[in-house]
Amino acid sequence: MRQTWRWFGPADPIPLSHIRQAGVEGIVTALYDLPPGTPWPVERLLERRAQIEAAGLTWDVVESLPVTERMKTEADPADIATWIESLRACHAAGLRTICYNFMPALDWTRTELAHRRPDGARALRFDLRDLAAFDLQLIRPEADDYPPEIAAEARTRKIDRDALVATILAGLPGAMETWTLDSFQNRLAAYRGLTEEDLRANLATFLRAAIPVAEELGMRLCCHPDDPPWRLFGLPRIVSTETDYEALLAAAPSSANGITFCTGSLGARPDVDLPGMATRLGPHIHFAHLRNVRRETETVPCSFFEDAHLEGSTDMVAVIRALLAEQSRRAAAGRDDCVIPMRPDHGQAILTDDPATGAPGYPAIGRLRGLAELRGVMKALS
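Residues numbered from 1 in each chain as written. Predicted model: local features only at pLDDT ≥ 70, side-chain atom pairs only at ≥ 80, totals over all residues. Heavy atoms only, no water.

Quick one: what's the story with the sheet that holds strand S6 (residues 122–126), residue by residue and with numbers?
Here 4 strands make up an open sheet; going across it, the order is S5-S6-S11-S10 and the pairing antiparallel. Looking along the sheet, the strands with just one partner apiece sit at the ends: strand S5 (112–116) and strand S10 (292–295). Mean inter-strand twist for the sheet, computed between neighbouring axes without regard to direction, equals 40°. Note: S10 against strand S11 (residues 304–307), 4 bridges, orientation antiparallel. Counterpart to Val293 in the pairing with S11 is Glu306. (Pairing = 2+ DSSP bridges. Helix = DSSP H or I, 4+ residues; strand = E, 2+ residues; numbered from the N terminus. Axes fitted to C-alpha atoms, helices over the stretch in contact; angles between N-to-C directions.)

Quick rundown of the state of the cysteines? Include the residues and the values.
Each disulfide is one covalent bond, formed between the sulfur atoms of two cysteines. The tally for this structure, following the rule as stated, stands at 0 disulfides. For Cys223, which is in no disulfide, the shortest distance to another cysteine sulfur is to Cys99 and amounts to 7.7 Å. Assessed through its relative accessible area of 0%, Cys223 is described here as buried. (Disulfide = S-S within 2.5 Å. Buried < 20%, exposed > 50% of the residue type's maximum accessible area, 1.4 Å probe, protein only.)

Got a sec to walk through the pairing of strand S9 (residues 285–290)? Specific residues and values, please.
Looking down a regular strand, the side chains alternate between one sheet face and the other. Most of S9 sits out of view: 6 of its 6 residues are buried. Where strand S8 (residues 257–262) meets S9, 4 bridges bridge the pair, whose relative direction is parallel. Among the inter-strand pairings, Ile259 is bridged to a residue of S9, identified as Ile285. Here S9 runs beside strand S12 (residues 341–344); their pairing, made up of 3 bridges, is parallel. The partner of His289 across the bridge, within S12, is Arg343.

Dropping the structure here:
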């Protein structure tokens, strides 16, 4: 697999010169300072690409080209047209693989950004009881969609209100946008009455507009799974399971319509067979995020934390074996995308990593450890 690293642009405290020393070949990045729905200028993309190439690296994947809330709630034609305009700009800048997500209201959600582990490492964590307490005390007091025993505790559970607001409403990694409780309530209101079927239909409308353009341009779109992969704040989630991805692929059948295979997001569910999914849906995997979470119970939903890359609840060796087998099948078939780009996703903050600086979940040394471990597995299996 092609080894890449997520970089948040010139403001990232980890410079390209350090990233190159990690031994990666390519960069995963985007124009994070532009709000969703803003057309991406070709000139800005070319400038960013030139910065990356001057450091001896390549820009391999755009992550992410943001999907607006109106595209999710009403399949807004104007916003879809703007997204496709940005897609064409990416093509003009020589970019071919575009990652996006269709998560309502929030991107990935955690309740703790520096959960201390017994060895002193600090990890991202999702505590179901803290999330329920935040929701039932501050957001939806009348909600009845939690298990009774969790709801009963959540209504009286003592929480650090300010810390949870700052953590849960932090917005997208690398983006400038954050929300207050009031603005988040307004965002939730836009989804009131929207069902899974409605959201899936809006995703299909978007795909049927964007996929033919991507196919025409020789580009690949890959949808990131929900994180965590279940309903939050009563919102529908439609990219959480293998069945969900089958529906996504069926909505616009094309080699351009694909998957961002995130083992951490999908691995929070005990009912997702990750090695099997990598085999069954392998031809559609355009990008891989390799990380591991440790589920604290085998229920859906559950609490979990981000474990080391070769630890946690996912058999990472089996996943990598399945992805390498998919690459071999592609090579035998003569596909021009036989090498799948991957990046070590997230990472525990270790040694001199400071969780207070940079994007949560993206420490330099923690990811370097993860990349070294993953690289060793790939080498051993090759």
